[in-house]
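Spelled out from the first residue to the last, the chains are:
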Amino acid sequence: MGTEKKEVLVSIRDLEIKFDEYVAVSNVNFDIYKGETFSLVGESGSGKTTIGRALMRIHETSKGDIFFKGKKINQKVGARLHKELIKKMQMIFQDPAASLNERATIDYIVSEGLRNFRLYKNETERQQKVREALLSVGLLPEHLTRYPHEFSGGQRQRIGIARAMVMEPEFIVADEPISALDVSIRAQVLNLLKKLQQEKELTYLFIAHDLSVVRFISDRIAVIHKGKIVELAEAEELFLNPLHPYTKSLLSAIPIPDPRLEKNKKLVVYTGEEHDYSEDLPKWKEIKAGHFVWANDAEEKRYRMQMKIG
Amino acid sequence: MQDSRFEFVTVDARVAEEIEAPSYSYWQSVSKQFFKKKSTVILLLLMVVIILVALIQPELSGYDPMNSPNINRPEMRFRGISLQYPYGTDGVGNSVWDVVWAGTRTSLLVGFIVACINTSIGVVVGAVWGFSKAIDKVMIEVFNIISSVPYILIVTVLLYTFGRGFWQLILAMCLTGWLSTAYFIRTQVMIIRDREYNLASSCLGTPMLRLVSRNILPYLLSVIMTNVSLEIPAAISTEVTLSFLGIGLNVAVPSLGRMINQYANYFNGYPHLFWAPVLTLALVTISLYVIGQTLADASDPRTHR
Ligand SMILES: Nc1ncnc2c1ncn2[C@@H]1O[C@H](COP(=O)(O)OP(=O)(O)O)[C@@H](O)[C@H]1O
Ligand SMILES: [Mg+2]
C-alpha cells in the first residue's frame, strides 16, 4: 500500500461498551480504510462481536466515538442518516442456524431490507434485485419460495450474505462467517466473500478467532484480548514482527503443515503476568508507521529496540 | 495420466444447489400433523356436534329460565328418563335436556368470547411489553399488583359494580383477564428477542411492529395455541363457579353452574339431574383442552416431518 493517502471509512476512538456494570470492551481505537479487509482476531469472549454490533448500532456504547464517513453514529441519528447507514453498513452473522427467520420464505428474508425503505420502483424491480442477489451467491431463483430449514449450513450462510448484498452496502461486518460451517465448505464461502469484495468494492470488518484464517484475506489485522485491542498492524508485518506477547501466543497456536516442525514447536502461553502495569500504565502506541501496540513506556522502549534489531 | 477405465466428470454447480424435496407449506404440515391422531379427530367431531346442538337446540326448545310452563302441573315433575325427556324433568317440570343445552350454549359462548378477547389483548400487549424496556418497568408493577389479588375476587367485585348479566360477566372477566396472557407472552418474547435473526432484521431497519408480527409472533403461534386451549376451559370454569355460588349470571340467563347448584339438592333422589350438567361440562372442557393441545403441538414446526 505505502504512503498514498487512504480514505478512512470507519473510525473508532476510545470506545467503551458496558453491559450494566461489566465493561466488555474498552480503549478501542482503529480506522478502517475504504476497500480493505480489516480483521479483528481474538479468542471467544474477547469482545469481537460486541464491537461489530456496536458498529451496527445494535449495542449502545458507554464512551468514545464511532464515525462512518466522518459522521458520528453511536448516538441517536435522524431518519435520513438511519436509512443511509442501513443501506451502507450490513452484517453477516456467525450462526447460520440462528440468523434466518424460520417462519419466513427466502423471498421475504432477502427482500426485508428493500421493503423497509422501498428501495425499488415497482414489484418487478424488487424481484429483479432479489434474483440477482441470490444468483450472486450461487443460489437459484427457484429457492425464493422455500423456507430456511430446507437448506444446508453453507447455503443458509449464503442466504445471509445475499440478504446483506441486496442492500448494495459499502461496508460489511462479517462476524466469524465461516466458523460455524463444515470445514469442507469454508473455502467456498470465503472465496465468495472475496469475489463479492472485488466486484462491488466492499470494505470488510472480518471477525475471526484464529489468525490462520485471516492471514491471506486481510490487509490489516487487529488482535483483541479481554476487551482491549493489544496490537494492530498490516497482515504481513504482524506475522513477521509480532510485538505483544498475546499476539505471539496466538501465532504459536497456528498449526504448521509439517509434522516435524509441528512436533518441535514451542507453544507460547500468555497469562497477562508478563506485564507490570502497577505504576507505568499502558497506552495505545504507534511503534512503527501503522504498527500499534498496547504498551507502557518501558515496554515501548523494549519493542522499539526489538524492531531495530529484528 | 491416461487410463481408459476412468473418465472426467464435469460438476454442475447448479445441480448441487437444487432441492429435491417438495415445497414446504406450513399450514399443510400443521393440518397433516393434527389429523394424524385418531382420538383427537373423534373429539373434534364430537365438539362440532356439541357446538351445533348447543347453538340450535335451545332455539327449537324455546327454553327460558324465567318461564316454566309446567310449574303448575305436578305430574310433569321429576319424570324419569324417556325418549321424550332424555334426561327426565326437574322439580318445576322443565325438560333437563333443554336446560342442559341452553346452559352449555352460555358456557361455550362465555368460554370462546372471553378467551378470544383475553388472548388478543394479551398477545398484542405482551409482544410490545416484551420488546420495550421502558414499558416493562411500568407494566411489571401493574402486573405484580393486580396478580397479587385472586382473579375470582376481582371478577366478583367488578360484577357487583357492573351488575349481573351476560355481557357484564364478559366485561368483568376480560378487564384484567388478559394480564396473565400478556405476562406469559412478554417472557416468551424476551427469550427470542435477542436471537440473531432478530438482530439481522434490526440491521435491515425493520420497524418494531413488523418485527413483532413477522419475527416474533409466528414463533409463538404454538404457545399461543396452548394458552387458548387452557383459557377456554378456564373461562368456562370461572363462569360455572361464579354462577354456582350465585354471583355470576343473573337468573334470566341459563347456566350450567346454577343448574348444578339447584340439582345438587335432589342428588339423593334423582342423581341423574346432577350428573347431566356435570358430565356435559366435563366432556366439553376436556375435549376443548385436548383439541387445543393437539393443535398447539401441530403448529410447532419441530413436530413436522
Ligand atoms: N448482551 C450481553 N449482555 C451481557 N454481557 C454480554 C452480552 N453480550 C456479550 N456479553 C459479554 O461480553 C463479552 C464479550 O462478548 P462477545 O463480544 O460476544 O465476544 P466474542 O464475540 O469475542 O466471542 C463476554 O464476556 C460476554 O459474556
Ligand atoms: Mg462472537
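Residues numbered from 1 in each chain as written. Chains lettered and ligands numbered in written order. Predicted model: local features only at pLDDT ≥ 70, side-chain atom pairs only at ≥ 80, totals over all residues. Heavy atoms only, no water.

**Describing helix H4 (residues 123-136) of chain A**
Residues and elements named next belong to chain A.
Phase 1 of the analysis: If you check H4, its first and last C-alpha atoms are 20 Å apart, about what 14 residues at 1.5 Å a residue would give, namely 20 Å.
Phase 2 of the analysis: Buried within H4 we find Arg 126, Lys 129, Val 130, Ala 133, Leu 134 and Ser 136. Seen along its axis, H4 keeps its buried residues to an arc of 170 degrees; they face one direction.
Phase 3 of the analysis: Of the surrounding elements, those touching the buried residues of H4 are helix H3 (106-116), helix H5 (153-165) and helix H6 (183-200). (Helix = DSSP H or I, 4+ residues; strand = E, 2+ residues; numbered from the N terminus. Expected span 1.5 Å × (residues − 1). Buried < 20%, exposed > 50% of the residue type's maximum accessible area, 1.4 Å probe, protein only. Arc of directions from axis to C-beta. Contact = heavy atoms within 4.5 Å.)

**Here we look at the interface of chain A and chain B**
Interfaces are frequently sized by the accessible area removed from exposure as the parts join.
Phase 1 of the analysis: Each partner contributes residues to the interface: chain A has 38 residues there, and chain B has 26 residues.
Phase 2 of the analysis: Taken together, both faces of the contact between chain A and chain B bury some 2900 Å²; the carbon and sulfur share is 53%.
Phase 3 of the analysis: Contact with chain B buries area across many residues of chain A, yet Arg 103, Tyr 108 and Arg 146 of chain A alone supply 22% of it, more than any other trio.
Phase 4 of the analysis: Where chain A packs against chain B, one counts one salt bridge.
Phase 5 of the analysis: Linking Glu 196 of chain B and Arg 53 of chain A is a salt bridge whose minimum nitrogen-to-oxygen distance equals 3.8 Å. (Buried area = accessible area lost by both parts, 1.4 Å probe. Salt bridge = Lys/Arg side-chain N within 4 Å of Asp/Glu carboxyl O.)

**As for the site of ligand 1**
Residue and element names in this part refer to chain A.
Phase 1 of the analysis: All residues in the neighbourhood of ligand 1 are listed as Phe 19, Tyr 22, Ala 24, Glu 43, Ser 44, Gly 45, Ser 46, Gly 47, Lys 48, Thr 49 and Thr 50.
Phase 2 of the analysis: In this structure, an oxygen atom belonging to ligand 1 sits 2.5 Å away from a side-chain N or O atom of Thr 49.
Phase 3 of the analysis: Note that an oxygen atom of ligand 1 is positioned 2.4 Å from one of the side-chain N or O atoms of Thr 50.
Phase 4 of the analysis: Here ligand 1, which alone exposes 560 Å², has 61% of that area covered by the protein.
Phase 5 of the analysis: Listing elements by their share of the shell around ligand 1, those giving two or more residues are strand E2 (22-33) and helix H1 (48-55).
Phase 6 of the analysis: A total of three residues in the shell around ligand 1 trace back to one element, the largest contributor, which is H1.
Phase 7 of the analysis: Looking at side-chain class alone, the shell around ligand 1 contains three nonpolar, six polar and two charged residues. (Near = heavy atom within 4 Å. Polar contact = N/O pair within 3.5 Å; in protein donor to acceptor, adjacent residues only side chain to side chain. Areas by Shrake-Rupley, 256 points an atom, 1.4 Å probe, with all protein chains shown as cover. Nonpolar A, V, L, I, M, F, W, Y, C, P; charged D, E, K, R; others polar.)

**Quick notes on the confidence of the model for chain B**
All names here are of chain B.
Phase 1 of the analysis: Summary statistics for chain B give a mean pLDDT of 89 and a share of 99% for residues scoring 70 or more.
Phase 2 of the analysis: Mean pLDDT per element in chain B: helix H1 (residues 13-17) is the minimum at 74, and helix H9 (residues 196-203) is the maximum at 96.
Phase 3 of the analysis: This prediction of the complex comes with two scores: 0.83 for pTM and 0.91 for ipTM. (pLDDT = per-residue confidence, 0-100.)

**Thoughts on the packing of aromatic side chains**
Phase 1 of the analysis: Scanning the model with the defined rule gives 16 aromatic pairs over all chains in all.
Phase 2 of the analysis: Judged by centre distance (5.1 Å) and plane angle (85 degrees), the ring pair of Phe 34 of chain B and Phe 35 of chain B falls under edge-to-face.
Phase 3 of the analysis: Accessibility expressed as a relative area gives 6% for Phe 34 of chain B, which makes it buried.
Phase 4 of the analysis: Considering the side-chain rings of Phe 274 of chain B and Trp 275 of chain B, the 5.3 Å spacing of their centres and the 75 degrees angle between planes classify their relative orientation as edge-to-face.
Phase 5 of the analysis: Judged by its relative accessible area of 39%, Trp 275 of chain B falls in the partly exposed class.
Phase 6 of the analysis: Through pairs of rings, three or more aromatic residues link up here, namely Tyr 87, Trp 97 and Trp 101 of chain B.
Phase 7 of the analysis: In this structure, Arg 214 of chain B is placed above the aromatic ring of Tyr 108 of chain A, and the distance from its NZ or CZ to the ring centre is 3.9 Å. (Phe/Tyr/Trp six-rings, centres within 6.5 Å; stacked < 30°, edge-to-face > 60°. Lys NZ or Arg CZ within 6 Å of the ring centre and 35° of its normal.)

**Here's the deal with the side chain of Ser 218 of chain A**
Residue and element names in this part refer to chain A.
Phase 1 of the analysis: Among the secondary structure elements, Ser 218 is positioned in the loop between helix H7 (211-214) and strand E9 (220-225).
Phase 2 of the analysis: Classification of Ser 218 by relative accessible area gives buried; the value is 9%.
Phase 3 of the analysis: For Ser 218, the side chain forms a polar contact with the side chain of Ser 39, separated by 2.7 Å.
Phase 4 of the analysis: Engagement of the side chain of Ser 218 in a polar contact is seen with the backbone oxygen of Val 214, the distance being 2.5 Å.
Phase 5 of the analysis: Setting aside chain neighbours within four positions, we find Ser 218 in contact with Thr 37, Ser 39 and Ala 235.

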